[in-house]
Amino acid sequence: MTTQQQYEALDAQGYPYMREARVIGELPLAARRPALDAATTKVGNECGLTARKPLSFGLPVYEAFGLNRREASRHAHSKLLLTQGIGLSLEYAN
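Since we're looking at a predicted model, the values are computed, not measured.

**Student:** Sorry, what's going on with the pattern of salt bridges here?
**Tutor:** Between side chains of opposite charge, pairing is possible as soon as their charged atoms come close. Enumeration according to the criterion identifies three salt bridges in this entry. Here R19 makes a salt bridge to E26, at a shortest N to O gap of 2.7 Å. Across the pair, exposure class does not vary: R19 and E26 are buried alike. Across the salt bridge formed by K53 and E63, the nearest N and O atoms sit 4.0 Å from each other. Remark: E63 occurs in the loop between α1 (29-47) and α2 (69-74) and K53 occurs in the loop between α1 and α2; sequence separation between them is 10 residues.

**Student:** I would appreciate a short explanation of the nonpolar core in the present structure.
**Tutor:** Among soluble globular proteins, nonpolar side chains are generally buried collectively. Among the nonpolar cores identified, the biggest contains 20 residues, and I24, V43, L55, V61, F65, L81 and L88 are the most heavily contacted of them. Contributions of two or more residues to this core are made by α1 and α3 (78-81). In terms of residue count, α1 provides more of this core than any other element does, five residues in total. Contact partners of F65, with chain neighbours within four places excluded, come to T40, V43, G44, L49, T50, A51, R52, L55 and L81.

**Student:** How do you make sense of the side chain of E26 when you look at a structure like this?
**Tutor:** Looking at the secondary structure, you find E26 in the loop between β2 (16-20) and α1. Residue classification places E26 among the buried positions, given a relative accessible area of 18%. Ignoring any residue separated from it by four or fewer positions in sequence, one finds E26 in contact with Y7, R19, E20 and A21.

Scoring rules and cut-offs
- Residues numbered from 1 in each chain as written.
- Predicted model: local features only at pLDDT ≥ 70, side-chain atom pairs only at ≥ 80, totals over all residues.
- Heavy atoms only, no water.
- Salt bridge = Lys/Arg side-chain N within 4 Å of Asp/Glu carboxyl O.
- Buried < 20%, exposed > 50% of the residue type's maximum accessible area, 1.4 Å probe, protein only.
- Helix = DSSP H or I, 4+ residues; strand = E, 2+ residues; numbered from the N terminus.
- Core = buried A, V, L, I, M, F, W, Y, C linked by side-chain atoms within 4.5 Å.
- Contact = heavy atoms within 4.5 Å.

Pasting the structure below:
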């Protein structure tokens, strides 16, 4: 497993601190596309779906699998499918 990337976040008082990235949206720009590409395969395997196009940073995951919102919400993995690419856990990107 790879080491998680550090990034600067803000605490409750607005002061910056360093912490490990948890979702794809917290990665540097250059690392997001490879993470989304890796997540496409893992999400497809977990959901039993075949990707029709790459996952997009700002769109829900179900779009990559050719589903509409209603189909995604009825799927057994609806919570995952309704997540936007920006919010996907890095567990899917490693």
